[in-house]
Amino acid sequence: MSHKNLDVLRKKMDSVNVQLLELLSQRARIVQEIGQEKEKQGVPKFDPVREKSMLDDLIARNDGPFDDESIRHLFKQIFQASLKLQIEAEHKELLVSRKSQKENTVVTVGATSVGNGKPLIIAGPCSVESYDQVRKVAALLKETGITVMRGGAFKPRTSPYDFQGLGIEGLKILKEAASEFGLKTISEIVDPAHIELAGEYIDIIQIGARNMQNFELLKAAGEVRTPILLKRGLAATLDEFLHSAEYILSRGNTQVMLIERGIRTYEKATRNTLDISAVPILKLESHLPVLVDVTHSTGRKDILAPCAKAALAAGADGVMLEVHPDPATALSDAAQQLNFAEFRSFLAEVKDSGLL
Ligand code: PEP
Ligand code: MN
């Protein structure tokens, strides 16, 4: 073969290569559209039946010179690359992900910041029961240097016959007692219709474990600019937890904090099992502040301090716990709330560790 001939043939091949590339790119764009359609319909990306039928069809049309095995191999490679394209699109970076924001999100509530390296302690009664009860707690928090007070006004109780909370009246009590002592407040909201109104009374909206996947509530929380404390569901994976936070961020509210509150396991020694590994994992995966609720995760007063220390040592941005002037008479979670003396010792022990 003369040099001239070889050059001509090579030119032809170059042109076919370009056409093949164009066709492959065209095919890839169709693959992406199919991927989006599959996503909408909730059908799996990999469809072995469809893949086999495409291969059979191609083999039936194969007149050589490539043998059937080579054709099968070549198209298998194309199918694999296409599937990868669809799966990668599905795992597009979430707004909550560290990949989309490297620096930590800092949530600001007045003069208090969460996520900037200084751990936050949130404390208060399980439920708002009366003005007198909340005022006593507020005075204790002020005295011990705590700036954020919790107190449930809408209580998600297992039994409908148990105390359900004082509702909006409870939020008003919380606000009044807190403002007297210059504290910020946090309380759980359970109804999307209350999210906007809640901003008038409380500084942080808590979304409870039982509502972690109440998507309408999450969407409503995303529409306001009040900081949100999102609790991990009783049986939620970390991936599900992060996707719930994504609902809020995707609507524009970036002031979101995550809180591990224990998960359901077979272990009976604690009320729930504190998944301490959730802390470093969430910190790695997400830029949002991560807190630990030592009261609801353990349900035990005697191990609150070591669990709080473990949480802070694992990188938590804060700890939440319950404290009540007279736990024995509390209308909810009577067994697990600290009295004032226990609260003071808890703080002293955690501070002693140098982690606070
Ligand atoms: C609470 O913090 O008041 C509460 C009800 O906790 P959880 O949603 O984690 O059970
Ligand atoms: Mn409680």
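Per an unreviewed UniProt entry, the protein goes by Protein AroA(G) and derives from Paenibacillus nasutitermitis.

### Thoughts on the overall build of the protein
Helix and strand counts for the protein stand at 12 helices and 10 strands. Its C-alpha atoms give the protein principal-axis dimensions of roughly 100 × 45 × 40 Å. Of all 356 residues assigned to the protein, the portion counted as buried reaches 36%. Look at the contacts in the protein between residues 6 or more apart in sequence, and 66% of them connect residues 24 or more apart.

### What about the packing of helix H1 (residues 3-41) against helix H3 (residues 68-90)?
The N-to-C vectors of H1 and H3 enclose an angle of 50 degrees; their axes lie 9 Å apart at closest approach. In this view, H1 runs oblique relative to H3, as classed from their interaxial angle. Read as a crossing pair, H1 and H3 show a hand that is right-handed. Seen from H1, the contacting residues are Ala28, Val31, Gln32, Gly35 and Glu39; seen from H3, they are Ser82, Leu85, Gln86, Ala89 and Glu90. Across the contact of H1 with H3, the residue classes break down as four nonpolar, four polar and two charged.

### Regarding the site of ligand 1
Taken together, Cys126, Gly152, Pro156, Glu188, Gly208, Ala209, Arg210, Lys231, Arg261, Asp293 and His296 form the complete shell of residues around ligand 1. Its residues assigned to classes, the shell around ligand 1 comprises three nonpolar, three polar and five charged.

### A look at the pairing of strand E9 (residues 290-293)
Neither face of E9 is open: one carries Val290 and Val292, the other Leu291 and Asp293, and all of them are buried. Pairing analysis gives three bridges linking strand E8 (residues 256-260) to E9, with the strands arranged parallel. The residue bridging Ile259 from the neighbouring strand is Leu291, located in E9. Crossover E8 to E9 through helix H9 (residues 278-285) is right-handed. Pairing of E9 with strand E10 (residues 318-322) involves three bridges; the strand directions are parallel. Bridge pairing links Leu291 to Gly318 in E10.

### A few points about the nonpolar core
One finds Leu174, Leu230, Ala245, Met257 and Val319 to be the most contacted residues of the largest nonpolar core, which totals 77 residues. Once you skip the residues sitting within four places of it in the chain, Leu230 turns out to touch Ile207, Met212, Ser244, Ala245, Ile248, Val256, Met257, Leu258 and Ile259.

### Topic: helix H4 (residues 131-144)
The first and last C-alpha atoms of H4 sit 20 Å apart over 14 residues, in line with the 20 Å expected at 1.5 Å per residue. Those residues of H4 not exposed but buried are Gln133, Val134, Val137, Ala138 and Leu141. All buried residues of H4 project into a common sector of 130 degrees when viewed along the axis, lining one side. Turned more than 90 degrees from where H4 packs its buried face, Asp132 and Glu143 sit exposed.

### Section: the environment of Lys351
Here Lys351 lies in helix H12 (residues 340-352). With 42 residues separating them in the primary sequence, Lys351 and Lys309 have C-alpha atoms 9.1 Å apart.

### A few points about the environment of Gly151
Along the chain, the position of Gly151 falls in the loop between strand E4 (148-150) and helix H5 (168-180). A residue is classified by how many C-beta atoms lie within 10 Å of it, and Gly151, with 30 of them, is buried. As a C-alpha pair, Gly151 and Ala335 span 184 residues in sequence and 16 Å in three-dimensional space. Ignoring any residue separated from it by four or fewer positions in sequence, one finds Gly151 in contact with Gly124, Pro125, Ser127, Val128, Val134, Leu174 and Ser187.

### Examining the sheet that holds strand E7 (residues 228-231)
Strands sit in the order E3-E4-E5-E6-E7-E8-E9-E10 around a closed barrel of eight strands; the barrel is parallel. Within the sheet, the average angular offset between the axes of one strand and its neighbour, ignoring direction, is 25 degrees. Lying over the sheet, H9 contacts E8 and E9, oriented at roughly 160 degrees with respect to E9.

### Describing the pairing of E7
The two faces of a sheet get side chains in turn, since along a regular strand they alternate between them. Because side chains alternate across E7, one face comprises the buried residues Ile228 and Leu230, and the other comprises Leu229 and Lys231, equally buried. Summarising the sheet, strand E6 (residues 204-207) and E7 pair through three bridges and their orientation is parallel. Opposite Ile205, over in E7, you have Ile228 as the bridge partner. Following the chain from E6 across helix H7 (residues 215-223) to the adjacent parallel E7, one finds a crossover that is right-handed. In this sheet, E8 lies alongside E7 in parallel orientation, the contact comprising four bridges. The partner of Lys231 across the bridge, within E8, is Ile259. Crossover connection from E7 via helix H8 (residues 238-249) to parallel E8: handedness right-handed.

Conventions and cut-offs
Each residue is numbered by its place in its chain's sequence as written, counting from 1. All chains are assigned letters beginning with A, and all ligands numbers beginning with 1, in the order in which they are written. Per-residue local features are limited, in this predicted model, to residues with pLDDT of at least 70; the limit for side-chain atom pairs, both in listing and counting, is 80 or more; totals at the level of whole chains, interfaces and linings are taken over all residues. For helices the rule is a DSSP run of H or I covering at least 4 residues; for strands it is a run of E covering at least 2, with both sets numbered from the N terminus onward. Residue burial is a threshold on neighbouring C-beta atoms within 10 Å of the residue's own C-beta, all placed from the backbone, with 20 or more meaning buried, 12 or fewer meaning exposed, and counts in between meaning partly exposed. Here, residues touch in the contact sense if the C-beta positions derived from the backbone fall within 7 Å of one another. Fitting a line to C-alpha atoms yields each axis, with helices limited to the stretch in contact; the angle taken between N-to-C directions then spans 0 to 180 degrees. When describing relative orientation, an angle under 35 degrees is termed roughly parallel and one over 145 degrees roughly antiparallel, while 65 to 115 degrees is termed roughly perpendicular and anything else oblique. Whether a crossing is left-handed or right-handed is set by the direction in which the near helix is turned from the far one by less than a right angle, anticlockwise for left-handed and clockwise for right-handed. The nonpolar class holds Ala, Val, Leu, Ile, Met, Phe, Trp, Tyr, Cys and Pro. Asp, Glu, Lys and Arg form the charged class, and all remaining residues, Gly among them, are polar. For each residue, a C-beta position is placed from the backbone atoms; the residue is near a molecule or strand when that point lies within 6 Å of it. Strand pairing is defined by DSSP finding a minimum of two bridges between the two strands. Orienting the strands away from the viewer, one traces the path from the first strand over the helix to the second; a clockwise path indicates a right-handed crossover. Linking buried Ala, Val, Leu, Ile, Met, Phe, Trp, Tyr and Cys residues through C-beta atoms within 7 Å yields a set, and such a set is a nonpolar core. Expected span of a helix, by definition, is 1.5 Å for each gap between consecutive residues, and there is one gap fewer than residues. Throughout, the arc means that of the directions going from the helix axis to the C-beta atoms.

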